[in-house]
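# Results of the structural survey
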Amino acid sequence: MCGIIYANNRDSSIELSTGLRVKNLFEIQRSRGINGFGMIEVLPNRIAMRRFVKEEDAIKALEESESKEILFHHRIPTSTSNNVKSNHPMMTDSDLYQHKYYLVHNGHINNHWQLKHEHEGLGVQYNSGEDFKFTDSEALLHELAMIVEGLKKPEEFSCKGGLAFVMLQTDKNNKATNL
């Protein structure tokens, strides 16, 4: 499965940068996946999302990051190959939603094709795909976004499978509002 790491450095007594803290944590749990990487850097007025195919590129980005808050994901792909479009975080910026959402996910959604069909019927466009494949995590992202936005009731949540996730909500200007 995948690894999820969150760190913030709001405490001035912490000597390591947030990026180096995340790098150290990644080294401890590296066995959770080295076939795709991505991160969200929460900056003062915006979110920076970066995705990588190569481990060395992800490590370099962590070492150079000046963000005080980072959400990092490293993966063993379950439904797609290791490519930038399929690596996490997943992001949606649909006119269907009042906010943007970013998601990192560990697990596997078994009914992702059914959910994709349902979501596309509502006007959602999937972005993680290539060659008729897409990441199951994108189905989870839209299912959660619909619940948060009030487009579905919580009891209508219909993802089947195993999941652990972190989702970030931003306003349409990409300023963080909720985690």
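As shown above, the structure is provided for reference.
Residues numbered from 1 in each chain as written. Predicted model: local features only at pLDDT ≥ 70, side-chain atom pairs only at ≥ 80, totals over all residues. Heavy atoms only, no water.

## Overview of the side chain of Lys-116
Mapped onto the fold, Lys-116 is located in helix H3 (residues 112-121). Among all residues touching Lys-116, those that are not within four sequence positions of it are Tyr-126 and Phe-134. (Helix = DSSP H or I, 4+ residues; strand = E, 2+ residues; numbered from the N terminus. Contact = heavy atoms within 4.5 Å.)

## Thoughts on the packing of helix H1 (residues 18-28) against helix H2 (residues 55-64)
Between H1 and H2, the shortest axis-to-axis distance is 7 Å and the interhelical angle comes to 145°. Contact residues: H1 offers Gly-19, Leu-20, Val-22, Lys-23 and Phe-26, while H2 offers Glu-55, Ile-59, Leu-62 and Glu-63. Partitioned by chemical class, the residues of the contact of H1 with H2 number five nonpolar, one polar and three charged. (Axes fitted to C-alpha atoms, helices over the stretch in contact; angles between N-to-C directions. Nonpolar A, V, L, I, M, F, W, Y, C, P; charged D, E, K, R; others polar.)

## Notes on the nonpolar core
One broad trend across soluble globular proteins is that nonpolar side chains are buried collectively. Membership of the largest hydrophobic core comes to 17 residues, with the highest contact counts inside it found for Tyr-97, Tyr-101, Leu-103, Leu-140, Leu-141 and Met-167. Listed by contribution, the elements that provide at least two residues to this core are strand E6 (100-109) and helix H4 (136-148). The element contributing the most residues to this core is H4, with six residues. If we skip the residues at most four places from it in the chain, Leu-103 touches His-88, Pro-89, Met-90, Ser-137, Leu-140, Leu-141, Leu-144, Phe-165, Val-166 and Met-167. By size, the runner-up hydrophobic cluster in this structure holds 13 residues, among which are Val-22, Phe-26, Met-39 and Ile-59. (Core = buried A, V, L, I, M, F, W, Y, C linked by side-chain atoms within 4.5 Å. Buried < 20%, exposed > 50% of the residue type's maximum accessible area, 1.4 Å probe, protein only.)

## Some points on H4
Helix length check: H4, at 13 residues, gives a terminal C-alpha distance of 19 Å against a target of 18 Å (1.5 Å per residue), a fit within 8%. Buried within H4 are the following residues: Asp-136, Ser-137, Glu-138, Ala-139, Leu-140, Leu-141, His-142, Glu-143, Leu-144, Ala-145 and Met-146. The inward-facing, buried residues of H4 contact strand E5 (90-92), E6, H3 and strand E7 (161-170). (Expected span 1.5 Å × (residues − 1).)

## Regarding unusual backbone geometry
Residue Pro-89 is bonded to the preceding His-88 through a cis peptide linkage, with omega at 10°. Checked against the element boundaries, Pro-89 lands in the loop between strand E4 (69-74) and E5. Phi angles above zero are rare outside glycine, and Asn-174 is one such case at about 70°. As for its placement among the helices and strands, Asn-174 is situated in the loop between E7 and strand E8 (176-178).

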